[in-house]
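Summary of the model geometry
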Amino acid sequence: MAPVSAESLKSELDMFDIPCSDESTLDKMVELCICSRIQADEMVLEWVAYSSSTKNGVKLAMDTLEQFKHEVLNKRKVKPSSRKEESHNRTRDINSLQELIKAEEEEDNLLDAYSTPAKGSQKRALTTPEHPHSKRTAALLTSPGLLLSPASFSPSATPSQKYSQRGGKGEVVVTFGAVQGTRWVGRKDPGAGVQLQLLESSEDSLRCSYKFMFQRLRDVRNVLTDKIEELGESLKSHFNIEEFSPVSLPAQDSMTVLGQVCCDSNGKLNAQSVLLEAGPEQGGQQVPVDLSELKEYSLFPGQVVVMEGMNTTGRKLVASKLYQSVPLPFYTPEMKMEMDEEPMNVLVACGPFTTSDTLTFDPLLDLISIIVRDRPDVCLLLGPFVDSKHEQIEKAQVTETFEAIFSRCIESIVDGTKSVGCHLVFVPSQRDIHHHFIYPQPPFTLPNLSKDQAQRVTLVPDPCTLLIDGVTFGLTSTDILFHMGAEEISCGTGSDRFSRILKHILTQRSYYPLYPPVEEVNMDYEKFQSFGQMPLTPDLLIIPSELRYFVKDVVGCVCVNPGRLTKGQVGGTYGRLMIQRNATSEDGKRASPCLTAQVVKI
């Protein structure tokens, strides 16, 4: 910033033909320029604007300058110096950070030396027993001596006291199937001979990232139309319906209509706000639905249904019967497989893998020790691994990039389970801050894995359908249970809410049947049509949620919510399953391959 002189101010004033012969007035203006950190031309422009804003104009004098200072200059925000801006804008390396912190701390110490200490100083000491230096230093600097362990991810590696003092470790909170006498261990050689692959072929599965944020409304409409027509055809053949009538056609007789449930406003769906939106083949119009004659129903926005009822005016459908979709068939292997001598042990855990008050990853270390102890054949690990909702992540109080934290986290899991030899499956989450938060979500990329490590690791998208030793697993880390639970309405069904929502997911044949989706889910509908649908009804559906953990058999599919590994500052739960393929009942009917399952506290 060039120094302001009386001559430069005089020339600027002459440009606007403003008389000023008094030297003391010019000196006062120079003083104001320096105090306000503005140049001569800017000062004169401010004065011209101020004087012209008054009724009769203001002459330049000492008393008017005082008034100008009070009304204009004192209200201006002081701009930081160019040197400071330059230091903030340039890319900082570790040395420049150290110099900056050292200079700021010296400045603080100098100010403290000149200030009078108050009685019982109110300034908090920025120290911890583990790190006697300030938090700012801890948050910005990383020590090269830190070990390659999850404890070094956080600037303050203080373990969570509530987590370490938790009770009920290893307590079984949910049981499914015949548990008595079950040994929760893997086979003699865990992971050996386990065939694990995505059910879809490599061409039909989501293998890598894709371009998003370009979606036309026409394409969304086409996807929704295809869904209505596809489910309509299955309902027509299953219930032997001859044809569907247009929803808005006035008729004195009972009619059968096909459409998608939606709400008449942006609010939550209720019994008075239900609309039925037909596909283009049935007129593509919306009609309000009167549910008063239905004895029982369970509806949510986006659900494809067939309704039977009267629409005498063409303006309201009085529904008398509701047909809901039917699930797809289960997987049948092309070749007859022999019965395994030993069942397969599968461990399921869902992030976050840290407590909310620290980034020490202690729960993850405990999970690794459980894997080493129980020696499961397959571990299904669902994100978030680096949780975007974590307080220290939100405030950027970390010592490394998010990608580096994730890589070290995965390396810790892979290296920690090396002695076990189990298969590891990693599923991304919308809450993984280092990954694309788009749905469907592409799999992680781990270029640093060695060949030996890569043989044990399978990276899959969210959602996906896995085939493990002839048993199909549906996996999604998106909390569709929570999202649908907030939107679903029901009357007289008699079943619990979880079972209803799970049945909807299976009968709508989609991992995310809700439309419109919640705000936090960024849906790409073209990819969703290809990768978000169920190719068949899975034998097991792994569907983690913030809601209470459970294991339920719904229309023959065993649905498992293992809970999250951490709940705030305390420990959460994980799931374990015993699977035996080709399990058939005595009467020859299909029996679930899931022999038994448990949800256990970490």
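From a predicted model like this one, the values you see are computed outputs, not experimental measurements.

Thoughts on the overall build of the protein
- Broken down by element type, the protein carries 16 helices and 22 strands.
- Per-residue burial over the protein gives 48% buried out of 602 residues.
- In the protein, the share of contacts with a sequence separation of at least 24, taken over all contacts with a separation of at least 6, comes to 73%.
- Per element, the accessible surface of the protein, about 31,300 Å² overall, is 50% carbon and sulfur.

Describing the sheet that holds strand 11 (residues 423–427)
- A sheet is described by the order of its strands in space; here seven strands give the open sequence 1-22-21-9-10-11-12, paired in mixed fashion. The open sheet terminates on both sides in strands that have one partner only, identified here as strand 1 (172–177) and strand 12 (457–459). Taken over all neighbouring pairs, the strand axes of this sheet differ in orientation by 15° on average, direction set aside.
- As defined by bridge partners, strand 11 adjoins strand 12 across three bridges and the pair is classed as parallel. Looking across to strand 12, one finds that L424 is bridged to V457.
- Where helix 12 (residues 402–416) meets the sheet, its contacts fall on strand 10 (378–382), strand 11 and strand 12, and the angle it forms with strand 11 comes to roughly 160°.

Thoughts on unusual backbone geometry
- With omega at 0°, the peptide bond leading from D462 into P463 counts as cis.
- Assignment of secondary structure puts P463 in the loop between strand 12 and strand 13 (464–468).
- Of note, the phi angle at N240 is positive, near 55°, even though the residue is not glycine.
- If you trace the backbone, N240 turns up in the loop between helix 9 (217–238) and strand 3 (251–263).
- Phi is positive for D469, close to 50°, though the residue is something other than glycine.
- Structurally, D469 can be placed in the loop between strand 13 and strand 14 (471–475).

Structural notes on the environment of L364
- One can find L364 in helix 10 (residues 362–374).
- Each residue touching L364, except ones within four places of it in the same chain, is listed here: F353, C409, I413 and L565.

Some details on the pattern of salt bridges
- Considering all chains together, one arrives at 17 salt bridges under this definition.
- Linking K28 and E66 is a salt bridge whose minimum nitrogen-to-oxygen distance equals 3.0 Å. Here E66 lies in helix 4 (residues 62–71) and K28 lies in helix 2 (residues 23–36), a separation of 38 residues in the sequence.
- Residue E546 pairs with K567 through a salt bridge whose shortest N-O separation is 3.8 Å. Of this pair, E546 sits in the loop between strand 16 (540–542) and strand 17 (550–554) while K567 sits in strand 19 (residues 566–567); the two residues are 21 residues apart in sequence, bridging distant segments of the chain.
- Overall, the relative accessible area of 35% leaves E546 in the partly exposed class.

As for a nonpolar patch on the surface
- Taken together, the side chains of M15, F16 and L45 make up a nonpolar region of the molecular surface, amounting to roughly 320 Å² of accessible area.
- As for its placement among the helices and strands, L45 is situated in helix 3 (residues 40–53).

Quick word on the packing of helix 10 against helix 12
- Axis separation between helix 10 and helix 12 bottoms out at 10 Å; the angle between their running directions is 20°. With respect to helix 12, the axis of helix 10 lies roughly parallel. In the crossing of helix 10 with helix 12, the sense of the turn from one axis to the other is right-handed. Contacts from L364, I368 and V372 in helix 10 reach C409, S412, I413 and G416 in helix 12.
- When the residues that make up the contact of helix 10 with helix 12 are grouped by side-chain class, the tally is five nonpolar, two polar and no charged.

Some remarks on helix 12
- With 15 residues, helix 12 should reach 21 Å at 1.5 Å per residue; the first-to-last C-alpha distance of 21 Å fits that figure.
- Within helix 12 the residues assigned to the buried category are I405, F406, R408, C409, I410, S412, I413 and V414.
- Structurally, helix 12 contributes buried residues whose contacts are with helix 10, strand 10, strand 11, helix 13 (451–456) and strand 12.

With respect to the side chain of Q453
- By secondary structure assignment, the location of Q453 is in helix 13.
- Excluding residues that lie within four positions of it along the chain, Q453 makes contacts with V414, D415 and N448.

Notes on the packing of helix 1 (residues 6–15) against helix 2
- Contact geometry for helix 1 and helix 2: axes closest at 9 Å, N-to-C directions at 105°. Taken together, helix 1 and helix 2 sit at an angle that is classed as roughly perpendicular. Taken together, the residues of helix 2 that come into contact with helix 1 (itself represented by A6, L9, K10 and L13) are L26, M29, V30 and C33.
- Tallied by class, residues from the contact of helix 1 with helix 2 come to seven nonpolar, no polar and one charged.

Section: the packing of aromatic side chains
- Under the defined criterion, the tally for this structure stands at 15 aromatic pairs.
- Relative to F385, the ring of F353 lies with its centre 5.1 Å away and its plane at 15°, an arrangement referred to as stacked. Here F353, found in the loop between strand 9 (344–350) and helix 10, pairs with F385, found in the loop between strand 10 and helix 11 (391–394); they are 32 residues apart in sequence, far enough to count as distant. As far as burial versus exposure is concerned, F353 and F385 are alike and both buried.
- Taking 5.7 Å as the distance between ring centres and 70° as the angle between the ring planes, the aromatic pair formed by F385 and F444 counts as edge-to-face. Residue F385 is located in the loop between strand 10 and helix 11, and its partner F444 is located in the loop between strand 11 and helix 13; the two are separated by 59 residues in the primary sequence. Accessibility classification places F385 together with F444 in one group, the buried group.
- Of the aromatic side chains, those joined through ring pairs into one cluster are F353, F385, F406, F426 and F444.

Scoring rules and cut-offs
Residues numbered from 1 in each chain as written. Predicted model: local features only at pLDDT ≥ 70, side-chain atom pairs only at ≥ 80, totals over all residues. Heavy atoms only, no water. Helix = DSSP H or I, 4+ residues; strand = E, 2+ residues; numbered from the N terminus. Buried < 20%, exposed > 50% of the residue type's maximum accessible area, 1.4 Å probe, protein only. Contact = heavy atoms within 4.5 Å. Areas by Shrake-Rupley, 256 points an atom, 1.4 Å probe, with all protein chains shown as cover. Pairing = 2+ DSSP bridges. Axes fitted to C-alpha atoms, helices over the stretch in contact; angles between N-to-C directions. Salt bridge = Lys/Arg side-chain N within 4 Å of Asp/Glu carboxyl O. Patch = residues over 30% accessible without salt bridge, like charges linked within 9 Å, V, L, I, M, F, W, Y side chains within 5 Å. Parallel < 35°, antiparallel > 145°, perpendicular 65-115°, else oblique. Left-handed = near helix turned anticlockwise from the far one by under 90°. Nonpolar A, V, L, I, M, F, W, Y, C, P; charged D, E, K, R; others polar. Expected span 1.5 Å × (residues − 1). Phe/Tyr/Trp six-rings, centres within 6.5 Å; stacked < 30°, edge-to-face > 60°.

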